[in-house]
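# Observations on the three-dimensional arrangement
One letter stands for each residue in the lines below.
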Amino acid sequence: MRKLKILGAALALVLVALLGLGYLALRGSLPRLDGSLPMAGLGDPVRISRDDRGVPTIEAASRADLAFGTGFLHAQDRFFEMDLSRRLAAGELSELFGAAALRQDRQARLFRFRTVARAVVAQASPEQRAVMDAYTRGVNAGVAGLSSRPWEYWLLGQKPAQWSTEDGILVVYAMWWDLQADGLRRGIQRRRINERLGGPNCVDGWKCAMRFFYPPGTSWDAPAGVVPGSAPAEITVPGPEVLDIRASPGLAGPTRPASAPAVGSNNWAVGGQLTRTGAAIVANDMHLTQRVPTIWYHARLKVSGAGAESLDLNGVTLPGAPLMVAGSNGHIAWGFTNSYGTWLNVTRSDCTTVEPRQMTTPTGVVPLSVVAEQIKVHGAPTAVLDVQSGPGGVLLRVDAAAHACWFATWLAQRPEATNMNLMLLERASTVEQALQLAPRIGIPHQNAMLGDSAGHIAWTIFGRIPENTGPDRGRGEGPWTTAADHPMIVDPPLARLWSANARVASDVRQLELIGGDLATLGAEYDLGARAGQIREDLLGLNGRITPADMLRVQLDDRAVFLGHWQGLALSVLDARNLQGHPQRAQFRRLVAGWNARASVDSVGYRLVRAFHMRTQQAVWDMMLAGMGLAPEEENSPPSQFEGPLWRLVTSQPMHMLARNYANWPQFLRAQMDAAIEELGKRCPELERCAWGARGPVRIRHPLSGALPGLSGFLDMPSLELPGDEDMPRVQVGTLGASERFAISPGHEDQAYLTLPGGQSGHPLSPYYRAGFLGWAHGEALPLLPGPTRHSLTLTPR
């Protein structure tokens, strides 16, 4: 017995020692905050000061030294995040995570972004290359300067790989992937619908099909700077000779839950004639999937010294890149929303067989080029992926049963479409100068909102646009737009501009440049409900506007869009249809008393939304079934489908209703009952089924799922938050505002910037969660860093 006690005590001591060593290793990967560090590769000292939230100010005597300091700081605080970004784009996640990441790697590796990134680096200007190389040296110095490897690599049992200059470009390609890659799936869906409906009864099959399923404009969609009031394009329901849903076999099974919506971002600008200071105001909240650590890194970047042109940049940087992504340079401010234009093309080829170097079609054999890509897999043999390309681009997939081969071309594959020219914006002092730069900036295409200290405002596209608007524009061949014809709107009469991923321009040629061959069909624009609500909010502000007014717009959670669905829900449940249905009666009473907001305590909002989502998905599934099309893996209807949906449920054409239902009112009541049943599974008492109770927002670290016992240590606090998808305050699960800011250039002391998490990626850092609750509660935290709490100097060795 005594021996067992001794053995137990020894094991306890060993366990304590191991835990102690683990804790020391964890602490060893904390960044250095104070003192002085000698560094090779610096021209002059770089000073890094942090305030009480960990927001840094990096001061250097040259742009290259500033990049070194930025890279050093990004690596010390966020190297694992940077590593995941480069690996996502390059298709190299399996090297870290093993076979579990192989499917994602195979999808990304088709586009061979590491090879393209090397070409992008090779075409950079000498000044840009110097900055990129300095940033790379800073990143590797930052990792080497830690007493221990970043803590995530201890858990994975791996060592961090060196950073290369091309990796900084791969981080940009990770944004291309995040913002545009889903267009490949949507493109296939479009083509499948068109092929089904483009029959002899359509004069123009493509447009005949798409004008219903993808209408070019709705009552929620009005160009920026234009007073609403013009009638939307009429949505014509296809006749039974084109599509007869009732003649089809009908729905084979229950409607599946709707997929996550593709929600975009918000930005707008207010001209100086309406502001308190006379300078413009730019507001921005980019809606992305929120994670730990945050996507963006708040920083102030300064260059000052003899022989150097001074810089003072404030805003958000992207770990992995040496530049300011969105914010202000003291003269102009800028922010982004994703531009849902036609930046890629998907084509279908009939094919009977596909071999490594050729495919057989009804007209003969078509040669395919092949590149063998080696994918390293942790704990398993290297996987080989044969990337096949043909006349239509890279081979995406083969549907053997349908004898279909799907090919894609994407502007992201062209080295000319990506560059570091966003750096040129750092020294622009007017909106006019920024507009001259816009056609040359190579990033994933964004609606850029601009404002300057003189009060001017503008909208344009940041991202290279081909002059070619035909179906092969995804190749990026031929000339690009110039400042003479690049899409833009400058100083509109309303002195207000807004963008929420919806249609912004009204000029036909500008719409063609954005939408390509899909311009007349609405391209991939968002529905426009958010944009319309922002428009109304801005039109309600008249004079002496301040950044604080912008925050109220960003936090607007009024349910304007769902108002007509609340009315429909009440009309469906009339007195006759309530008899013998107590749940329907309760549902109707709660809906009638809603507060018309997506607030956490709103029961009525949740019920109306459930009815809308269920009906939307059921109608979409009904349309696909009627066309004999199996749903894609991601089975969500296009954003612009709301117009056709409303037309169907109000005009109720019988040939567009599945034979499962006697009439449209029965169909709508069935969706209401299904929504009640689904809600009942989560809310035993319907009266307590508040919007916030749908589930707290859990913003998680990518490793916490594999470490459930440590999730409370790694993740942000779980909170019930207001907001939804079709209103300015977007929050759908973890998809929401990745930042919020409003900046009046030249008056940065009045600006705010909040992020859904802290600066550091280390859970032991006091800056890991700093600012999160301020973001969650809708507070305005200052853009400019506060008084210095820590100071570190990097000195030339």
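First, a word on scope: everything that follows refers to the structure included in this document. Small disclaimer: the values here were computed from a predicted structure and weren't measured.

### Comments concerning the overall build of the protein chain
Summing up its helical and strand segments, the protein chain has 22 helices and 27 strands in all. The globule rule puts the C-alpha radius of gyration for 797 residues at 28 Å, and the 27 Å found for the protein chain is close to it. For the protein chain, the spread of C-alpha atoms along the three principal axes comes to 85 × 80 × 65 Å. Considering the protein chain as a whole, with its 797 residues, one finds that 59% of them fall into the buried category. Summed over all atoms, the accessible surface of the protein chain reaches about 30300 Å², with 55% contributed by carbon and sulfur. Side chains of the protein chain carry 76 positive and 73 negative charges; the gap between the two charge centres is 6 Å.

### Looking at the pairing of strand β2 (residues 46–50)
Residues in a regular strand project their side chains so that they alternate between the two faces of the sheet. With 4 of its 5 residues buried, β2 lies for the most part within the structure. The turn linking β2 back onto strand β3 (residues 56–60) is made up of 5 residues, and G54 within it adopts a positive phi angle of 85°.

### Examining the state of the cysteines
Counted by the stated rule, this structure contains 2 disulfides. Between C351 and C405 runs a disulfide, and the two sulfur atoms are separated by 2.1 Å. On the sign convention where negative means left-handed, the S-S torsion of about 95° between C351 and C405 marks this disulfide as right-handed. Pair noted here: C351 is in the loop between β11 (344–350) and β12 (353–355) and C405 is in strand β18 (residues 404–410), with a separation of 54 residues, a long-range link. C405 matches C351 in its accessibility class, with the two residues each being buried. Between C683 and C689 runs a disulfide, and the two sulfur atoms are separated by 2.2 Å. Here C683 and C689 share a disulfide; its torsion about the S-S bond, 60°, makes the bridge right-handed. You can call C683 buried: its relative accessible area is 8%.

### So, the nonpolar core
Counting 145 residues, the largest nonpolar core has Y173, W296, F336, F462 and L794 as the members making the most contacts within it. For this core, the element with the most residues is helix α2 (residues 63–90), which contributes 12 residues. Excluding residues within four positions of it along the chain, L794 makes contact with L37, M39, L42, D44, P45, V46, I48, F68, G69 and F72. If you look at the next biggest cluster of nonpolar residues, it comprises 59 residues, including L570, V608, W664 and M727.

### Remarks on the environment of G626
Positionally, G626 belongs in helix α18 (residues 603–626). The exposure class assigned to G626 is buried, which follows from its relative accessible area of 7%. With 381 residues separating them along the chain, G626 and I245 place their C-alpha atoms 4.5 Å apart. In contact with G626, other than residues within four places in its own chain, are R196, L243, I245 and S248.

### Regarding the side chain of S339
Within the secondary structure, S339 is located in the loop between β10 (332–338) and β11. Overall, the relative accessible area of 3% leaves S339 in the buried class.

### As for the pairing of strand β27 (residues 790–796)
Bridge count between strand β1 (residues 35–39) and β27: 5 bridges; the pairing is parallel. By the bridge assignment, S36 is partnered in β27 with T793. Across 5 bridges, β2 lies against β27 in antiparallel orientation. Opposite S49, over in β27, you have S791 as the bridge partner.

### A word on the pattern of salt bridges
A full pass over the atoms with the stated rule returns 38 salt bridges. A salt bridge links R397 to D399, with the shortest nitrogen-to-oxygen separation between them at 3.4 Å. Here D399 falls in the partly exposed class, since its relative accessible area comes to 23%. Here E467 and R509 are joined by a salt bridge, their closest N and O atoms 3.2 Å apart. Here E467, found in the loop between β20 (457–462) and β21 (488–490), pairs with R509, found in helix α12 (residues 508–515); they are 42 residues apart in sequence, far enough to count as distant. The exposure class of E467 is partly exposed, given its relative accessible area of 21%. The structure contains a network of salt bridges with shared partners spanning D83, R86, R87, E92, E95, R114, R118, E166 and D167.

What counts and what doesn't
- Residues numbered from 1 in each chain as written.
- Predicted model: local features only at pLDDT ≥ 70, side-chain atom pairs only at ≥ 80, totals over all residues.
- Heavy atoms only, no water.
- Helix = DSSP H or I, 4+ residues; strand = E, 2+ residues; numbered from the N terminus.
- Rg over C-alpha atoms; globule rule 2.2 N^0.38 Å.
- Buried < 20%, exposed > 50% of the residue type's maximum accessible area, 1.4 Å probe, protein only.
- Areas by Shrake-Rupley, 256 points an atom, 1.4 Å probe, with all protein chains shown as cover.
- Lys, Arg positive; Asp, Glu negative; His and termini not counted.
- Charge placed at Lys NZ, Arg CZ, Asp CG, Glu CD.
- Pairing = 2+ DSSP bridges.
- Disulfide = S-S within 2.5 Å.
- Core = buried A, V, L, I, M, F, W, Y, C linked by side-chain atoms within 4.5 Å.
- Contact = heavy atoms within 4.5 Å.
- Salt bridge = Lys/Arg side-chain N within 4 Å of Asp/Glu carboxyl O.

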